[in-house]
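Structure assessment
Given next are the chains, with one letter for each unit.
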Amino acid sequence: MSPAQLPTQRAAVLYGPKDLRIEDRPVWPPQYNQAQVAVRTTGLCGSDLHYYLEARNGDFAIQAPLVLGHESAGVIVSVGPGVKHLVPGQRVAIEAGVMCQHCNYCDSGRYNLCKELRFASSAKTFPHLDGTLQNRMNHPAHVLHPLPDSCSFEEAALAEPLSVLMHAGRRAGLSSGQRVLVFGVGTIGILACALAKSYGAAQVMAIDINQQRLDFAKANDFASQTYCLSVDKKQKTPEEQLCIARETAARVMTTFQVPDGFDVVFECTGAEPCIQMSIHVSMILSLIGIRRLPGDVTKAAVTGGKVMLVGMGTRNVMLPLSAAALREVDIQGSFRYANTYADALSLIASGKLENINKLVTHRMDLEDTERAFQLLARGKDEDGNMVIKVMINS
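Here goes a summary of the coordinates provided. Just so it is clear, the structure is predicted and the values come from calculations on it, not from any experiment.

**A few points about unusual backbone geometry**
Residues F126 and P127 are joined by a peptide bond in cis, for which omega reads 0°. Position of P127 relative to the elements: it lies in the loop between β10 (118-119) and β11 (136-140). Even without glycine at this site, D221 takes up a positive phi of about 65°. Take D221: it is sitting in the loop between α6 (211-219) and β15 (225-228).

**A few points about the pairing of strand β1 (residues 8-16)**
Sheet topology note: the β1/strand β2 (residues 19-26) ladder contains eight bridges and is antiparallel. What sits directly across from A11, in β2, is E23. Hairpin connection from β1 to β2: two residues lie between these consecutive antiparallel strands, with K18 at a positive phi of about 55°. Judged from the two bridges that link them, β1 and strand β6 (residues 66-67) form a sheet pairing that is antiparallel.

**A few points about the environment of A249**
Looking at the secondary structure, you find A249 in helix α7 (residues 238-256). Taking relative accessible area as the criterion, A249 reaches 0% and is therefore assigned buried. On a C-alpha basis, the gap between A249 and I279 in space is 8.9 Å, while along the polypeptide they are 30 residues apart.

**Brief notes about the pairing of strand β3 (residues 34-43)**
Here β3 lies mainly inside the structure; nine of its 10 residues are buried. Of the strand pairs in this sheet, β3 and β11 are connected by five bridges, and their pairing is antiparallel. Bridge pairing links A38 to R136 in β11. Note: β3 against strand β7 (residues 71-79), eight bridges, orientation antiparallel. Bridge pairing in β7 links T42 to S72. Bridge count between β3 and strand β20 (residues 389-393): three bridges; the pairing is antiparallel. Across the sheet, the residue bridging to T42 is I392, located in β20.

The rules we used
- Residues numbered from 1 in each chain as written.
- Predicted model: local features only at pLDDT ≥ 70, side-chain atom pairs only at ≥ 80, totals over all residues.
- Heavy atoms only, no water.
- Helix = DSSP H or I, 4+ residues; strand = E, 2+ residues; numbered from the N terminus.
- Pairing = 2+ DSSP bridges.
- Buried < 20%, exposed > 50% of the residue type's maximum accessible area, 1.4 Å probe, protein only.

Structure, rendered in structure tokens:
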């Protein structure tokens with residue numbers, strides 16, 4: 001069938017830095033094992049913003065026009081041959097990653113590490129796989145997840161960033177009774193707080209450089225205590241920075257009155273000073289007034305905490321590894337997610353993630369996507385209101 005004979009849809013297509021165009025594209029019928037989804041809602045993500053501003057996200061630069069967006073939900077409008085478990089009219093969340101299903105990583109349940117994985121809206125692979133900022137998209141049926149009746153489209157879109165934290169939480173062994181600290185209270189950090197609370201954490205505390213965001217986190221009961229870091233742009237040597245991180249961690253633990261440190265730290269900023277601090281707050285520090293005999297490091301240590309590296313920012317970081325090793329602090333990476341969507345949607349539908357709807361601060365139509373990115377980049381709207389999560393309605 002010729003594209004001229006096909007119906008058309010609208011899509012937000014990125015051609016270069018800050019070059020986003022709303023254009024008509026043909027709607028092809030779904031292929032074998034695909035379903036066609038009428039996209040209802042897409043949440044804008046920090047990686048989407050990087051692509052919009054720079055036409056790249058880290059090492060991944062766009063090589064052809066790319067449709068952004070990967071936090072989405074919609075309605076099945078048609079199914080291709082081979083699809084048995086989905087029907088037109090069914091509401092679904094769209095898992096953006098498409099794995100090969102044949103490699104050792106996929107077979108072992110760690111498909112987020114699949115070398116052949118293609119992720120909608122990412123420029124990592126070429127040809128790129130278009131994202132969800134379009135009216136309709138064809139997507140493999142096995143990564144379309146039916147929504148619980150009580151789950152809205154906006155809540156289902158939040159299942160994607162929540163999945164990032166559920167995966168990190170599983171790797172950290174997150175459980176009830178733990179003391180949890182979160183660095184960074186954007187969407188990911190707030191969801192880390194909410195997830196820890198839903199697991200029954202004894203304490204959930206948060207750190208950021210933005211007092212307004214910290215106030216939001218505390219006012220909506222995501223964190224019981226918060227700490228605002230001061231920003232010092234003065235150039236420092238690596239040794240000076242490590243020393244400052246240690247001293248700042250000591251002040252934080254004194255303020256929070258948690259001399260034993262934290263069981264789990266979610267580092268959601270990717271900023272080097274915060275990564276350095278996260279190691280120190282995962283253990284007792286002699287700097288906060290705990291007496292230690294010369295040469296006796298064991299008396300100053302507790303059972304090792306875990307640092308989950310969730311944020312992506314500084315590429316090369318100097319770490320206080322000797323301090324981490326002596327106190328058995330586990331430093332773990334966490335990349336995207338695997339086998340989390342069903343649990344994420346179930347947790348959202350349960351109502352245990354209180355106030356997460358308040359993360360959605362702004363809503364816009366697809367035609368206003370560029371203005372939405374500009375709003376997200378500023379961090380505040382025309383009235384001075386804070387911007388956290390912007391939802392695009394298709």
